[in-house]
Amino acid sequence: MDDRRQDDWANSRSNRLPSFTEVLSRRTRPPVDLFMFYLFLQREGAEDILDFWLDVQQHENLCRAYFKDVRKSGRTIRDDWPEYWDYARRRGSIYGTVLGLNPHTGTKRSTTSTGELLSDQDRANLASVDEKHAARSPSPRMQSVSPNTAVATEPPRSTTPFSLSGRTPTLFNNRRASRAPTIIPRTSAISRQDLIASAERIYFRYLSPAGNTVGSDENHEIYLPPSLRIHTFPLNSTSEPKTQNEMSIMAQVPDMFHAQKEYCFRAMEQDAFPRFLRAKAFGNLTPVSALVRLIVGLIVLWIGLAVGFSLIFLDVHPKSKRFFLFLPFTVAILCLISHQYELDPILVFFGQSESTPFRTLTIREPYVRKLLIGRAIWVSLLVAACVAALTLLFWAVPGHRL
């Protein structure tokens, strides 16, 4: 079912590159999916900003699940958490529709939920996709109905595995991860202390200055402009807020990282994402692999030139033996031009793109495949022309024994 939905989403952008919102909402396929974007940031040492964005998204999904549970129990947010209700009425909230606030007056614009990540054109494309998919096999999404159920907070994910449980992605094993939606498993009802614990972990992991980390979480402080920095987190997940000041601070927990998340979204969209598309939609090599090809190409080219000049200055007969120079010249020119374009045409013709040095995965995004095949044909013609020119040049030079 999810494969068909992925096919429909891919067909909806058969003549364009995916947008950043589509990558973050995991509606794209390799080599321009979220996992490959994570690896791209990891090579630049900037994966913490994406980890922060995704962890805040998970925190907000947890808050959203809490509010849904409250409403399903028959209570209102105003009665259950009056401090947050007052805060949301005064300042606005990204959970406006879940809280029951007027969606036109009490809701902040957010990049939090997948639906809000999509542009109008994306919504139109996905609407047509969902209509076709519903006709095939309609399936309701899970919702949080009891403490023992799991909360489904996002649409079906990409078929490429992505793990936030550790610092290393999970593609390095060869088995595919589950295609089930990302869920928040739980054995008891979500409490406000769970929300505080989630916010506390995010603060001490990403926002607390190095050296102020508590617990076992490693610090991965991200850069934020001074106006968005949070300098303290006075709440403690092990004790209930008691003072009025603590209660008012706790009311800010669900929306605490909203502005920081928006900033990270814009930073990635304007800086890292265009470079990611250039690297993966117009090439299929990693920087390390391209560098290895440069070294191999120079060595093989030196060997080919040495053999060629030896055949000339030793005046080896018959002259047709020089045609065998096309073998080292082909390897050398292919490696050098692959380095220059960061594209290996042989891998492209086999439908492969590198994820990490010398590890490949199948190119499944239709428009990217079309772009890469076109560039691979151009690179192949360029290699053939250079090899033919060098081979004919060494064949045409008259021999002269020294």
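Residues numbered from 1 in each chain as written. Predicted model: local features only at pLDDT ≥ 70, side-chain atom pairs only at ≥ 80, totals over all residues. Heavy atoms only, no water.

### Digging into the environment of W85
Working step 1: Assignment of secondary structure puts W85 in helix 6 (residues 82-91).
Working step 2: On a C-alpha basis, the gap between W85 and L99 in space is 8.2 Å, while along the polypeptide they are 14 residues apart. (Helix = DSSP H or I, 4+ residues; strand = E, 2+ residues; numbered from the N terminus.)

### Focus on the UniProt feature "transmembrane region" (unreviewed entry) in the protein
Working step 1: Taking the UniProt record as the reference, the feature "transmembrane region" (unreviewed entry) is found at residues 290-314, 323-341 and 376-397.
Working step 2: Between the first and last C-alpha atoms of residues 290-314 the distance is 36 Å; the span itself is 96% helix and 0% strand.
Working step 3: In the segment residues 323-341, helix accounts for 84% and strand for 0%; the C-alpha atoms at its two ends are 27 Å apart. (UniProt positions renumbered as here; feature names shortened; annotations may be inferred.)

### Quick notes on the UniProt feature "domain: RGS" (unreviewed entry) in the protein
Working step 1: With numbering matched to this structure, UniProt assigns "domain: RGS" (unreviewed entry) to residues 23-81 and 254-286.
Working step 2: Across residues 254-286, the secondary structure splits into 73% helix and 0% strand, with the terminal C-alpha atoms separated by 39 Å.

### Side note on a nonpolar patch on the surface
Working step 1: The grouping of L291, I295, I299, W302, I303 and V307 at the surface amounts to a nonpolar patch, some 600 Å² of accessible area in total.
Working step 2: Summarising the element assignment, I295 is placed in helix 13 (residues 287-313).
Working step 3: Judged by relative accessible area, I295 falls into the partly exposed class, the value being 45%. (Patch = residues over 30% accessible without salt bridge, like charges linked within 9 Å, V, L, I, M, F, W, Y side chains within 5 Å. Areas by Shrake-Rupley, 256 points an atom, 1.4 Å probe, with all protein chains shown as cover. Salt bridge = Lys/Arg side-chain N within 4 Å of Asp/Glu carboxyl O. Buried < 20%, exposed > 50% of the residue type's maximum accessible area, 1.4 Å probe, protein only.)

### As for the environment of R359
Working step 1: Within the secondary structure layout, R359 lies in strand 4 (residues 359-362).
Working step 2: On the accessibility criterion, R359 (42% relative accessible area) is partly exposed.
Working step 3: C-alpha of R359 to C-alpha of L285: the two residues are 74 residues apart in sequence and 9.8 Å apart in space.

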